[in-house]
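Next come the chains, spelled out residue by residue.
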There are 6 protein chains.
Amino acid sequence: MPYVNIKITREGATAEQKQRLIEGATQLLVDVLGKNPATTVVVIDEVDTDNWGIGGIPVTQRRLQENP
Amino acid sequence: MPYVNIKITREGATAEQKQRLIEGATQLLVDVLGKNPATTVVVIDEVDTDNWGIGGIPVTQRRLQENP
Amino acid sequence: MPYVNIKITREGATAEQKQRLIEGATQLLVDVLGKNPATTVVVIDEVDTDNWGIGGIPVTQRRLQENP
Amino acid sequence: MPYVNIKITREGATAEQKQRLIEGATQLLVDVLGKNPATTVVVIDEVDTDNWGIGGIPVTQRRLQENP
Amino acid sequence: MPYVNIKITREGATAEQKQRLIEGATQLLVDVLGKNPATTVVVIDEVDTDNWGIGGIPVTQRRLQENP
Amino acid sequence: MPYVNIKITREGATAEQKQRLIEGATQLLVDVLGKNPATTVVVIDEVDTDNWGIGGIPVTQRRLQENP
């Protein structure tokens, strides 16, 4: 019955990678807490880099500094 | 003053259906708890089927199994 | 498969009222979008009135102004 | 280490405005609680006006009433 | 930089189990997307069984039906 | 109409500090986007340090390492 929400920046995660996140998060709840996978929900939010900040600046600018 | 967040898969909900969700959720808070509808907020998130998992697999694949 | 999160201030909602919120929100998704109730999740968060603000002031103070 | 989520309607906020939200929210946590900005995360969600309701009606309709 | 929120019912998860959820969710983001663990945040919400519904009924009642 | 959710670890924030967070976040939305403060909602979640992880370890342990 758990609900897992994974927020990542929108930077090209593939359907296959998102499938692995869903599988992995569901399995984690089974392994650690014995939860029922059938009712475990995983929702992935992909957030534009303009809309995600860390250290007070948007990721868009951070990426430019990393790869000038 | 309540805040309601409804997450559904993005599978063609119409503006009229989303309006009914907003009306219904607001009315529910009025009916059950006597909340003030004027400050009740409802936010609907529509999530791509690749980004929503249940039972460890993405809804995209679930839909293919249901309608092969 | 929807997920509904209802946030209200912690001001004495009873177990019976919360049950009605769960029933009502689940039924709303069935009625409007034909969703499967068996996998519809509703989570209610009760938030201390010190931790909820509207109009820039905490609800704790708002309640004092309403009932001085 | 705080996490701040700002939800607004999608009505043309610019990258520069979103940058100011990120800066301002991060600074607020530094000023009030002495939090470390380096690990403070701010995520902005822009929500379609059809998907945001207040007072039981979608913002799309509210805007039409305000600007008929 | 990802943010993971895990919501579970409050039914006695230990600090050690919650530590394993934090480790496992962080590692998942490293393994699948190559994310930096140092800025990966995991927040676990434990929700009272009265406040969590599935299939339209609170988990409190569901547990009674399972273990009458 | 914005909604702001601030998540912090539960480490003794006072009612006065939480009031300043509510004021500051509301004012930020007014200043940057011209939002109406009357319908701006701020919700603060205080999370136990066992339930918050960064860098793959719970904040509880991080605090012990910082202050052995």
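Residues numbered from 1 in each chain as written. Chains lettered and ligands numbered in written order. Predicted model: local features only at pLDDT ≥ 70, side-chain atom pairs only at ≥ 80, totals over all residues. Heavy atoms only, no water.

Draft legend 1. Region of the structure containing the overall build of chain A. Within chain A, the regular secondary structure consists of two helices and four strands. Going residue by residue from the N terminus, the α and β elements of chain A occur as β-α-β-β-β-α. With the C-alpha coordinates aligned to their principal axes, the bounding extent of chain A is approximately 45 × 25 × 15 Å. Buried residues in chain A amount to 53% of all 68 residues. Pairs at least 24 residues apart make up 66% of the contacts formed inside chain A by residues separated by at least 6 positions. Surface accessibility of chain A: about 2700 Å² in total, with carbon and sulfur atoms responsible for 47%. (Helix = DSSP H or I, 4+ residues; strand = E, 2+ residues; numbered from the N terminus. Buried < 20%, exposed > 50% of the residue type's maximum accessible area, 1.4 Å probe, protein only. Contact = heavy atoms within 4.5 Å. Areas by Shrake-Rupley, 256 points an atom, 1.4 Å probe, with all protein chains shown as cover.)

Draft legend 2. Seen up close, the UniProt feature "domain: 4-oxalocrotonate tautomerase-like" (unreviewed entry) in chain A. UniProt marks residues 2-60 of chain A with the feature "domain: 4-oxalocrotonate tautomerase-like" (unreviewed entry), using the numbering shown here. Its end C-alpha atoms 32 Å apart, residues 2-60 of chain A is made of 36% helix and 32% strand. (UniProt positions renumbered as here; feature names shortened; annotations may be inferred.)

Draft legend 3. Just the pairing of strand E1 (residues 3-9) of chain E, in detail. Summarising burial for E1(E): seven of the seven residues are buried, a large majority. Burial of E1(E) is two-sided: the residues Tyr3(E), Asn5(E), Lys7(E) and Thr9(E) facing one way and the residues Val4(E), Ile6(E) and Ile8(E) facing the other way are all buried. Both strand E1 (residues 3-9) of chain A and E1(E) contribute to a ladder of five bridges, which runs antiparallel. Within the sheet, the bridge partner assigned to Asn5(A) lies in E1(E) and is Asn5(E). Alignment of E1(E) against strand E2 (residues 41-47) of chain E, held across seven bridges, turns out to be parallel. The partner of Lys7(E) across the bridge, within E2(E), is Asp45(E). You can see the chain leave E1(E), run along helix H1 (residues 15-33) of chain E and come back into E2(E), and the turn it takes is right-handed. (Pairing = 2+ DSSP bridges. Right-handed = clockwise from strand over helix to strand, strands pointing away.)

Draft legend 4. Spotlight on the sheet that holds strand E2 (residues 41-47) of chain C. Spatially, the eight strands line up as an open sheet ordered E4(D)-E3(D)-E2(B)-E1(B)-E1(C)-E2(C)-E3(E)-E4(E), and their pairing is mixed. Either end of the sheet is taken by a strand with one partner, and the two such strands are strand E4 (57-58) of chain D together with strand E4 (57-58) of chain E. As defined by bridge partners, strand E3 (residues 52-54) of chain D adjoins E4(D) across two bridges and the pair is classed as antiparallel. Looking at the pairing, Ile54(D) lines up with Ile57(D) of E4(D). Relative to the sheet, helix H1 (residues 15-33) of chain B contacts strand E1 (3-9) and strand E2 (41-47) of chain B, strand E1 (3-9) of chain C together with E3 and E4 of chain D, its axis offset from that of E2(B) by approximately 140 degrees. (Axes fitted to C-alpha atoms, helices over the stretch in contact; angles between N-to-C directions.)

Draft legend 5. Focus on the relation of the copies chain B and chain C. For the pair chain B and chain C, the superposition axis carries a translation of 0.0 Å, the fit reaches an RMSD of 0.0 Å, and the rotation angle comes to 180 degrees. This pairing of chains is accounted for by a two-fold axis. Closest to the rotation axis within chain B is the C-alpha of Asn5(B), separated from it by 2.5 Å. Mapped onto chain C, 100% of the interface residues of chain B are again interface residues, and the two copies thus contact each other with one and the same surface. (Least-squares fit on C-alpha atoms with pLDDT ≥ 70 in both.)

Draft legend 6. Region of the structure containing the packing of H1(B) against helix H1 (residues 15-33) of chain C. As a packed pair, H1(B) and H1(C) sit with axes 10 Å apart at the nearest point and diverge in direction by 160 degrees. If you check the angle between H1(B) and H1(C), you find them roughly antiparallel. Between H1(B) and H1(C) lies a crossing of right-handed hand. From H1(B), Gln17(B), Arg20(B), Leu21(B), Gly24(B), Ala25(B), Leu28(B), Leu29(B), Asp31(B), Val32(B) and Leu33(B) reach across to H1(C), where they touch Gln17(C), Arg20(C), Leu21(C), Gly24(C), Ala25(C), Leu28(C), Leu29(C), Asp31(C), Val32(C) and Leu33(C). Its residues placed into classes, the contact of H1(B) with H1(C) shows 12 nonpolar, four polar and four charged. (Parallel < 35°, antiparallel > 145°, perpendicular 65-115°, else oblique. Left-handed = near helix turned anticlockwise from the far one by under 90°. Nonpolar A, V, L, I, M, F, W, Y, C, P; charged D, E, K, R; others polar.)

Draft legend 7. Local environment of the environment of Val47(B). Take Val47(B): it is sitting in strand E2. A C-alpha to C-alpha distance of 8.7 Å links Val47(B) and Glu11(B), two positions 36 residues apart in sequence.

Draft legend 8. A look at the packing of aromatic side chains. Per the counting criterion, the structure on display carries three aromatic pairs over all chains. A centroid spacing of 3.7 Å and a plane angle of 5 degrees characterise the contact between Tyr3(A) and Tyr3(C), whose relative ring orientation is stacked. Placement of Tyr3(A) in strand E1 and of Tyr3(C) in strand E1 is noted, with the two residues assigned to different chains. A residue is classified by how much of its surface remains accessible, and Tyr3(C), at 3% relative accessible area, is buried. (Phe/Tyr/Trp six-rings, centres within 6.5 Å; stacked < 30°, edge-to-face > 60°.)

Draft legend 9. Seen up close, the UniProt feature "active site" (unreviewed entry) in chain A. Per the UniProt entry, the sites bearing "active site" (unreviewed entry) are Pro2(A) in this numbering. Mapped onto the elements, Pro2(A) comes out in the segment before E1. Residue classification places Pro2(A) among the buried residues on the basis of a relative accessible area of 2%. Excluding its chain neighbours within four sequence positions, the residues that come into contact with Pro2(A) are Leu29(A), Lys35(A), Thr39(A), Thr40(A), Val41(A), Lys7(E), Ile8(E) and Trp52(E).

Draft legend 10. Main features of the relation of the copies chain E and chain A. Expressed as a screw operation, the relation of chain E to chain A combines 0.0 Å of axial shift with a rotation of 180 degrees, fitting to an RMSD of 0.0 Å. In this assembly the copies share their binding face: 100% of the residues contributing to the interface of chain E also contribute to that of chain A.

Draft legend 11. Examining the interface of chain E and chain A more closely. Chain E puts 27 residues into the contact, and the matching count from chain A is 27 residues. Contact between chain E and chain A buries roughly 2300 Å² in total, counting both sides, with carbon and sulfur atoms accounting for 72%. Its largest share of buried area at the contact with chain A, chain E owes to Met1(E), Leu28(E) and Val32(E), together 26% of the area lost on that side. Viewed at the interface, chain A and chain E are joined by two salt bridges. In this structure, Lys35(E) and Glu11(A) form a salt bridge, with 3.9 Å as the shortest nitrogen-oxygen distance. At the junction of chain E with chain A, the criterion picks out seven residue pairs in polar contact (both at pLDDT 80 or more). Mapped onto the side of chain E that touches chain A, the elements with two or more residues apiece are E1, H1, strand E3 (52-54) and helix H2 (59-66) of chain E. Here the side of chain E that touches chain A gets 10 residues from one element, more than from any other, and that element is H1(E). When grouped by side-chain class, the residues that make up the side of chain E that touches chain A number 16 nonpolar, five polar and six charged. (Buried area = accessible area lost by both parts, 1.4 Å probe. Salt bridge = Lys/Arg side-chain N within 4 Å of Asp/Glu carboxyl O. Polar contact = N/O pair within 3.5 Å; in protein donor to acceptor, adjacent residues only side chain to side chain.)

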